[in-house]
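Next come the chains, spelled out residue by residue.
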Amino acid sequence: MNKDLEIIYSRMQLLFKRTSRTQYWFQVANDPYDSCYNFFFNSQRKGERLKSVPLHKLDNYDLHYLEQIITGLRKRTNLTIRFVGFTGMKWPQTQKTIQWRRDIFE
């Protein structure tokens, strides 16, 4: 787990510039066809287009493992994490719903 978390965090640090009037967030996409989870780093400056950069692909298609990665990311950074493709699914340990409504990209 630490290897995947370190890869995601180190790649995020290279992209995080801390410029004013810019929003930054993570996006985690569920890909059931390839059985993987994809991590993206999104940034959008006010009045400009969205920039989405792929960070990493988790080949371990297990919600327990993903929950550990998300918990580790939340400990290291305060960026928002948005989920796509997890509608109606629940975290294994906390039993909280991951995504309430479908995203417009689904």
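Notes on the structure follow. (Residues numbered from 1 in each chain as written. Predicted model: local features only at pLDDT ≥ 70, side-chain atom pairs only at ≥ 80, totals over all residues. Heavy atoms only, no water.)

## Let's talk about helix α1 (residues 2-15)
- Helix length check: α1, at 14 residues, gives a terminal C-alpha distance of 20 Å against a target of 20 Å (1.5 Å per residue), a fit within 8%.
- Burial in α1 covers these residues: D4, L5, I8, Y9 and M12. Summarising the axial view, the buried residues of α1 lie within an arc of 120°, below the 170-degree limit, and thus occupy one face. The exposed residues of α1 that point more than 90 degrees off its buried face are N2, K3 and L14. (Helix = DSSP H or I, 4+ residues; strand = E, 2+ residues; numbered from the N terminus. Expected span 1.5 Å × (residues − 1). Buried < 20%, exposed > 50% of the residue type's maximum accessible area, 1.4 Å probe, protein only. Arc of directions from axis to C-beta.)

## Considering the nonpolar core
- Counting 24 residues, the largest nonpolar core has F26, V28, F39, L66, I70, F83 and F86 as its most contacted members.
- Secondary-structure elements contributing two or more residues to this core are α1, β1 (22-31), β2 (36-45), β3 (51-58), α2 (63-76) and β4 (80-84).
- Ranked by residue count, the leading element in this core is α2, at six residues. (Core = buried A, V, L, I, M, F, W, Y, C linked by side-chain atoms within 4.5 Å.)

## Structural notes on the pattern of salt bridges
- Taken as a whole and assessed by the stated rule, the structure comprises two salt bridges.
- R76 is paired through a salt bridge with E6; the nearest N and O atoms lie 2.5 Å apart. You can see R76 sitting in helix α2 and its partner E6 sitting in helix α1, a full 70 residues away along the chain.
- Judged by its relative accessible area of 37%, R76 is partly exposed.
- D59 is paired through a salt bridge with K57; the nearest N and O atoms lie 3.8 Å apart. (Salt bridge = Lys/Arg side-chain N within 4 Å of Asp/Glu carboxyl O.)

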